[in-house]
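# Chains, contacts and geometry: an overview
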Amino acid sequence: MPVPSRSVRLLLLAGFATLLLFPLFGERFYLQLLAHIMLMAVFAMSLDLLVGFAGLVSLGHTAFFGVGGYALMLLTSSAGPANLWLTLPVALAAAAVAAVIIGLLVLRSSGVYFIMVTLAFTQMLYYFAIGQKWLGGSDGAYINFKPRAALFGFVPFDLQKPLHFYWVALALMAGTYLLLFVILRSLFGRVVCAIRSNEGRLASLGIPTFRYKLVCFVIAGALAGLAGYFASAQYGVVNPDFFGWRLAGEVLMIVILGGMGTLHGPILGAFALVLLEDSLSVASKHWLLPMGLFIIAAVLLLPKGIAGLLERARA
Amino acid sequence: MDAIVFFLIQVLNGVQYGLLLFLVASGLTLVFGIMGVVNLAHGSFYMVGAYLAYALTQALGNLWLSLVAAVPLALIIGLLLELLFRPLYRRDHLYQVLLTYGLILALEETRSLLFGDDVHGVPIPPALDFSVPLTADLSYPVYRLWISAACLALAGALYLVISKTRIGMAIRAGAANREMVQLLGIDVGMVFRIVFVAGVVLAAFAGMIAAPVATVYPGMGNAILILSFVVVVIGGIGSIKGAFVAALLIGLADTFGQVVAPDFAGMTVYVLMAAVLLWRPAGLFGRGT
Amino acid sequence: MTALTRTTSRRRMLLGVGAAGLAVGSGFVPARFAIGQQAKVKIGLMLPYSGTYALLGKNIDDAFRLAIEEQGGKLGGREIEYVTLDDEAEPAKGADNANKLINRDKVDFLVGTVHSGVQMAMLKVARDNEQFMLIPNAGLKEATGSLCAPYVFRTSFSNMQPGLAMGKVAGERGVKRAVTITWDYAAGAESVDGFKDTFTKAGGTVEKELALPFPQVEFQSLLTQIASIKPDLVYAFFAGGGAAKFIKDYAAAGLRPNIPLVGAGFLTDGVLEAVGQAGDGIETTLHYADGLDNAKDKAFRPAFKSKTSREADVYAVQGYDTAQLLTIGMNAVKGDVKARKELIAAMEQAEIDSPRGKFRLSKAHNPIQDFYLRKVQGRENRVVSVAAKALADPATGCATA
């Protein structure tokens, strides 16, 4: 994978430092907003692993995001909080299992067919969730308690507190970045990237490309499940639209706008798109028009997304 | 109602629905197959057509006249929008997806500013505004049959253009192998332009003739968008023949899904799509990937 | 310019733009606070201003402001500041959006919304923050049922209510066999439950409950099933564009002469221009109608029309009454939102002089209101009679009711 240039690295570091220091000035709401953005960034990075590195454009990545959220909902009783260290692995496993099953089925397709068949699966889950009373039906369900992080009586952090939640989201974002960085630098990651450029050649060399893609798909699915778990814990709500194509489209837009094939692109995209949406939707009731025009302009003027803009600004 | 009569009427329903889906999906499959553009705004073009039909019928008092006036308008809109896509032909297709996403938002809000957010009706032309009885209780609107006929005629015309004309040859070649087309000395940009504009016009035309039965309302393009994608993918991207077969398949599956498995009716078409792609990863008539 | 300075200046520019974007973007400027009566009352309107439900959102918004303007533009003597937010009827963003108005804008009153799924998410955030919330439309039963709260009020209806009224009417007419049809989502199911409840108690049977996936509008398959069952009556719950298409398809399928079509009032609201003749004679039940003989309605309609150049509808009435309810509460506490107990008490005891007729709220904070039997004549839902007087929602699961 291309390593970002030195000045971009510095910029990212500065951004990270700002996020670290932010709680000193930011009031409660902005902690929540940024935590939400950082979870979207985790979600977007997981999708970028597929889109930008493995060349698998998925319009159904919400399937795993939704599974993560619904898993937490099912694991949380109405009596009290569930334990984070028990429920998180279960939720991740559920997302991973869903990714194995869906992956086995969808990875036979490629290109635009892959886009559509992934969409088909998340649409199935969407209608399934609507039809099931135990999942809350069309209006969704509540997670009445945020998971508790108690570990043998020791409680390292309390997700109830927006500040702690913020730190956790920041840690998740940084952790996901580092994890994906390590994965992509490994032999495995290089094979995955090579599959994108020439799958046929790798296959002829005897490399089981399908297995590589499947593992990649499962990692991405589990990370999306992670984002879904915490995103639904944040406000305690899940609904079928977590599987919806609108959210799937939005996260894909974040990846493309931010810059596919870089790890910081999706992070920048998440900040840019969510903050822009946030400011425009308050400014005007007709905000969709400027939003749409902005996206059109961004496509025409930013050939490689925001990440590309940074590289260009440096050059 | 007799079981056989019931079955036959449901077949008619399914075929009729399928033909309408084909009309919307045909433009999509062309743009999809030739240009590789996942055009998310296709549903919005359908909506544009319906609103054009509504506005022009109000002004001209007649659906036929407004169809005549609306097609050139759709053509112009298509030509203008194509200008936006032109810089993107050489870039990753995903940027075109993003562009069409931006177009959805912009078109939706423009519609709201121009026409408001009411639900509107377009009157069925008087000559076709009656129904033929099928059973004692059920009759079939003639306008729907007319739509089916128009879709069939259009399907035939598209088939002829693509299999018998020079531009059709270029389109077929483009769907199969873009480099080959360039080597043959055909102006790929021109092929793209024609295909894109044809896609817009076909979607808008579908919206126009569907408007009298579909009614015209905000967000009407969304529901049809995903279904037309399903049609395109099942049929095989870029294949008009495939889109035709797939549209009928979806129409019938949806119709009978609501009879046989009403609790899972929402999932029927997606299960069908997943099953078809598992069996043939490039769709029924796709050329492989 | 050397490469070095250019790099730094570009970078500084980028950072500057980024920071400015961030500041403008999310209103980083700290909220202005002023203590006491002089500060403005902040009202957050979270409604669908775009998409399928845009008209509903806009009518609620405009009528809400109209009611406030009619009282001199103040609430309990205090000026008002509105914050509007387009919820896009997108449930996946519901909680985030509600949180913006509650924790960023720190609105005193959260008003919204239309879509039940979005409302469900809003309700969670409102409950977690004990946020005062007024619901101007969404009829989900939980809001004034299992999830009711002292600080949550609804001025519209619960999904069951119109169904309860229509089931009663059908039962009284001696209808025996009915079929119901709706979209496969909670609002539709609750509406059908209401119809079934009173209809079966009156001796009728629902032969089949048909539903199609939301937001699909291809009805032919279900219409064919209706024709094969041949019930005495069809009860439908649809709204907006889908309702218009259903009415036209039902008529075109030739079902109207033999199988009367009835429904919750949303079926024929806002769609009569679109359906033309196909709507004539359809009977529905709702808490509002055309041709109500009350002074409030006669004043409200022209006022709304002159403000917006649109016709008033049930959604406008609900928005209007939301502001009226709030006015009663705020006048009782003279604008002091901190006097929450008194505010709530005043609103609970309020009798609202609505264009729909006077109504009060149940203990669960849902209107106890008359439901009218209406019949489509020309472009109007003319009132025929009162189908159910002072109809209340069962409020199942609400601890305070």
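Each value, and the rule that gives it
- Within each chain, residue numbers correspond to sequence positions counted from 1 in written order.
- Lettering for chains starts from A, numbering for ligands starts from 1, and both go in the order in which the items are written.
- Only residues with pLDDT of at least 70 are given local features in this predicted model, and only at 80 or more are side-chain atom pairs given and counted; all residues enter the totals for whole chains, interfaces and linings.
- Where helices and strands are cited, they refer to DSSP runs of H or I of at least four residues and of E of at least two residues respectively, numbered from the N terminus.
- This radius of gyration counts C-alpha atoms alone. The globule rule is 2.2 Å times how many residues there are, raised to the power 0.38.
- The burial label depends on the number of other C-beta atoms within 10 Å of a residue's C-beta. Counts of 20 or more mean buried, 12 or fewer mean exposed, and intermediate counts mean partly exposed, with C-beta atoms placed from the backbone.
- Any pair of residues counts as being in contact when their C-beta atoms, constructed from backbone geometry, are within 7 Å of one another.
- Any residue that is not Ala, Val, Leu, Ile, Met, Phe, Trp, Tyr, Cys, Pro, Asp, Glu, Lys or Arg is counted as polar, Gly included; the first ten are nonpolar and the last four charged.
- Fitted lines through C-alpha atoms serve as axes, helices being fitted only where they are in contact, and the angles separating the N-to-C directions of these axes extend from 0 to 180 degrees.
- Throughout this description, any angle smaller than 35 degrees is read as roughly parallel, any larger than 145 degrees as roughly antiparallel, any in the 65 to 115 degree range as roughly perpendicular, and the remainder as oblique.
- Should the near helix be turned anticlockwise from the far one by less than a right angle, the crossing is termed left-handed; should it be turned clockwise, right-handed.
- You can read pLDDT as the predictor saying how much it trusts each residue, on a scale of 0 to 100.
- By definition, a nonpolar core groups buried Ala, Val, Leu, Ile, Met, Phe, Trp, Tyr and Cys residues that connect through C-beta atoms lying within 7 Å of each other.
- Here the rule is simple: two strands pair whenever DSSP picks up at least two bridges between them.
- Here is how to tell: hold the view so the strands point away, follow the path from the first strand over the helix to the second, and if it runs clockwise the crossover is right-handed.
- By definition here, a helix of n residues has an expected span of 1.5 Å times n minus one.
- Consider a residue and the seven residues that end there alongside the seven that start there; fitting an axis to each set, the bend is the angle between those axes.

## Overview of the overall build of chain A
Looking only at helices and strands, chain A has 13 helices and two strands in total. At 19 Å, chain A has a C-alpha radius of gyration in line with the 20 Å of a compact globule built from 315 residues. Judged by the C-alpha coordinates and their principal axes, chain A covers about 55 × 45 × 45 Å. The buried share of chain A, taken over its 315 residues, is 56%. A sequence separation of at least 24 residues applies to 77% of the contacts in chain A between residues at least 6 apart.

## Regarding the overall build of chain B
Counting its regular elements, chain B contains 11 helices and two strands. In chain B, the succession of helices and strands from N to C terminus is α-α-α-α-β-β-α-α-α-α-α-α-α. For 289 residues, the compact-globule estimate of 2.2 N^0.38 gives 19 Å, and the C-alpha radius of gyration of chain B, at 19 Å, lies within 12% of that figure. Dimensions of chain B, computed from C-alpha atoms along their principal axes, come out at roughly 65 × 50 × 35 Å. Across chain B, the fraction of contacts at a sequence separation of at least 24, relative to all contacts at a separation of at least 6, is 73%.

## A word on the interface of chain B and chain A
In this complex, chain B contributes 35 residues to the contact, which on the side of chain A involves 36 residues. Put simply, the parts of the chain that give the side of chain B that touches chain A at least two residues each are helix 4 (93–115), helix 9 (220–235) and helix 11 (265–279) of chain B. Per element, the largest residue contribution to the side of chain B that touches chain A is 13 residues, and it comes from helix 4 of chain B. Taken together, the residues of the side of chain B that touches chain A sort by class into 26 nonpolar, five polar and four charged.

## Digging into the environment of leucine 21 of chain B
Residue and element names in this part refer to chain B. Looking at the secondary structure, you find leucine 21 in helix 1 (residues 3–35). Accessibility expressed as a C-beta count within 10 Å gives 28 for leucine 21, which makes it buried. Taking C-alpha positions, leucine 21 is 9.3 Å from alanine 246, a pair spaced 225 residues apart along the chain. With residues near it in sequence (within four places) discarded, leucine 21 still touches Leu227, Ser228, Val231, Ala247, Ile250 and Gly251.

## Describing the packing of helix 1 of chain B against helix 8 (residues 188–214) of chain B
Residue and element names in this part refer to chain B. At a minimum axis separation of 9 Å, helix 1 and helix 8 run at an interaxial angle of 165°. By the angle between their directions, the pair helix 1 and helix 8 is classed as roughly antiparallel. Crossing of helix 1 over helix 8 shows left-handed handedness. Mapping the contact onto sequence places Leu20, Leu23, Val24, Ser26, Gly27, Leu28, Leu30, Val31, Ile34 and Met35 in helix 1 and Val191, Phe192, Val195, Phe196, Ala198, Gly199, Leu202, Ala203, Ala206 and Ala210 in helix 8. When the residues that make up the contact of helix 1 with helix 8 are grouped by side-chain class, the tally is 17 nonpolar, three polar and no charged.

## With respect to the confidence of the model for chain A
A residue-level look at chain A finds 99% of positions with pLDDT of 70 or above and a mean pLDDT of 91. Looking across chain A, the model is least confident in helix 13 (residues 305–314) of chain A, with a mean pLDDT of 81, and most confident in helix 3 (residues 62–75) of chain A, with 97.

## Brief notes about the interface of chain B and chain C
Between chain B and chain C, the contact holds 37 residues from the first and 38 residues from the second. For the side of chain B that touches chain C, the elements supplying multiple residues, two or more each, are helix 1, helix 4, strand 1 (131–133), strand 2 (139–141), helix 8, helix 9, helix 10 (240–260) and helix 11 of chain B. Sort the elements by how many residues they give to the side of chain B that touches chain C and helix 1 of chain B lands first, with five residues.

## Focus on the environment of valine 132 of chain B
Residues and elements named next belong to chain B. Looking at the secondary structure, you find valine 132 in strand 1. Residues valine 132 and leucine 145 lie 13 residues apart in sequence; the distance between their C-alpha atoms is 10.0 Å. Filtering out sequence-adjacent residues up to four positions away, valine 132 remains in contact with Ser139, Tyr140 and Val142.

## Section: the nonpolar core
In terms of nonpolar packing, the biggest core is built from 359 residues, with Ala50 and Met273 of chain B touching the most fellow members. With 19 residues, helix 2 (residues 28–53) of chain A is the largest single contributor of residues to this core. The residues touching alanine 50 of chain B, leaving out its near neighbours within four places in the chain, are Gly207, Met208, Ala210, Ala211, Ala214, Val216 and Met220 of chain B.

## Structural notes on the pairing of strand 1 (residues 41–47) of chain C
Residues and elements named next belong to chain C. In terms of burial, strand 1 is largely enclosed, as six of its seven residues are buried. Strand direction decides the pairing type here: strand 1 and strand 2 (residues 80–86), joined by seven bridges, are parallel. Looking at the pairing, leucine 45 lines up with threonine 84 of strand 2. In this fold, strand 1 hands off to helix 2 (residues 54–70), which returns the chain to strand 2; that crossover is right-handed. Examined bridge by bridge, strand 1 and strand 3 (residues 109–111) share three bridges and lie parallel to one another. For isoleucine 43, the partnering residue across the bridge sits in strand 3 and is phenylalanine 109.

## Details of the sheet that holds strand 4 (residues 133–135) of chain C
Residue and element names in this part refer to chain C. Taking strand neighbours across the sheet as the criterion, the five strands line up as 2-1-3-4-5 in an open arrangement whose pairing is parallel. This sheet does not close on itself; its edge strands, each paired only once, are strand 2 and strand 5 (152–154). Averaged over all neighbouring strand pairs, the angle between strand axes comes to 20°, with direction disregarded. In terms of strand pairing, strand 3 meets strand 4 through two bridges, oriented parallel.

## Thoughts on the pairing of strand 7 (residues 205–212) of chain C
Residues and elements named next belong to chain C. By the bridge criterion, seven bridges tie strand 6 (residues 177–183) to strand 7 in an arrangement that is parallel. Each bridged residue has a counterpart across the sheet, and for valine 179 the counterpart in strand 7 is lysine 208. Following the chain from strand 6 across helix 6 (residues 186–201) to the adjacent parallel strand 7, one finds a crossover that is right-handed.

## Quick look at helix 8 of chain B
Residues and elements named next belong to chain B. When the terminal C-alpha atoms of helix 8 are compared, their 37 Å separation across 27 residues agrees well with the 39 Å that a helix rising 1.5 Å per residue should span. In helix 8, a bend of some 30° at methionine 208 exceeds every other bend along the element, and proline 212, a proline, comes one to four places later. Of all 27 residues in helix 8, 20 are buried; the element is thus mostly enclosed. Phi turns positive one or two residues past the end of helix 8, at threonine 215, with a value near 60°.

## Some remarks on helix 6 of chain C
Residues and elements named next belong to chain C. Between its first and last C-alpha atoms helix 6 spans 22 Å; for 16 residues at 1.5 Å apiece the expected length is 22 Å, and the two agree. Counting buried positions along helix 6 gives 12 out of 16 residues, so the element sits mostly inside the fold. The complete set of buried residues in helix 6 reads Ala186, Ala187, Gly188, Ala189, Glu190, Ser191, Val192, Gly194, Phe195, Lys196, Thr198 and Phe199. Against helix 4 (116–128), helix 5 (160–172), strand 6, strand 7, strand 8 (233–237) and strand 9 (261–264) lie the buried residues of helix 6. Of the residues trailing helix 6, glycine 203 is marked for its positive phi of about 100°.

## Quick notes on the confidence of the model for chain B
Taken over all residues, the pLDDT of chain B has a mean of 87, while the share at 70 or more is 97%. Scoring of the predicted complex yields 0.89 for pTM and 0.90 for ipTM.

## Looking at unusual backbone geometry
Residue and element names in this part refer to chain C. Between glycine 112 and threonine 113 the backbone carries a cis peptide bond, its omega angle lying at 10°. Mapped onto the secondary structure, threonine 113 falls in the loop between strand 3 and helix 4. The step from phenylalanine 214 to proline 215 runs through a cis peptide bond, and the omega angle for that step is 0°. With respect to the secondary-structure elements, proline 215 resides in the loop between strand 7 and helix 7 (220–229). Located in the positive-phi region is lysine 334, a residue other than glycine, with phi close to 55°. Relative to the helices and strands, lysine 334 is located in the loop between helix 11 (314–332) and helix 12 (340–349). Classification of lysine 334 as exposed rests on a count of 12 C-beta atoms within 10 Å.

## Here's the deal with the environment of isoleucine 115 of chain A
Note that isoleucine 115 of chain A resides in helix 5 (residues 111–131). Looking at isoleucine 115 of chain A, the number of C-beta atoms within 10 Å reads 25, which means it is buried. Separated by 57 residues in the primary sequence, isoleucine 115 of chain A and serine 58 of chain A place their C-alpha atoms 4.9 Å from one another. If near-sequence neighbours (up to four positions away) are discounted, isoleucine 115 of chain A is found in contact with Val57, Ser58 and Leu59 of chain A together with Val38 of chain B.

## Focus on the packing of helix 2 (residues 42–60) of chain B against helix 3 (residues 63–85) of chain B
Residues and elements named next belong to chain B. It is the contact of helix 2 with helix 3, at a shortest axis distance of 9 Å, that shows an interaxial angle of 135°. When the interaxial angle is binned, helix 2 and helix 3 end up oblique. Seen from above, helix 2 lies across helix 3 with right-handed handedness. Mapping the contact onto sequence places Val48, Gly49, Leu52, Ala53, Leu56, Thr57 and Leu60 in helix 2 and Leu63, Leu65, Ser66, Ala69, Ala70, Leu73, Ala74 and Ile77 in helix 3. By residue class, the composition of the contact of helix 2 with helix 3 is 12 nonpolar, three polar and no charged.

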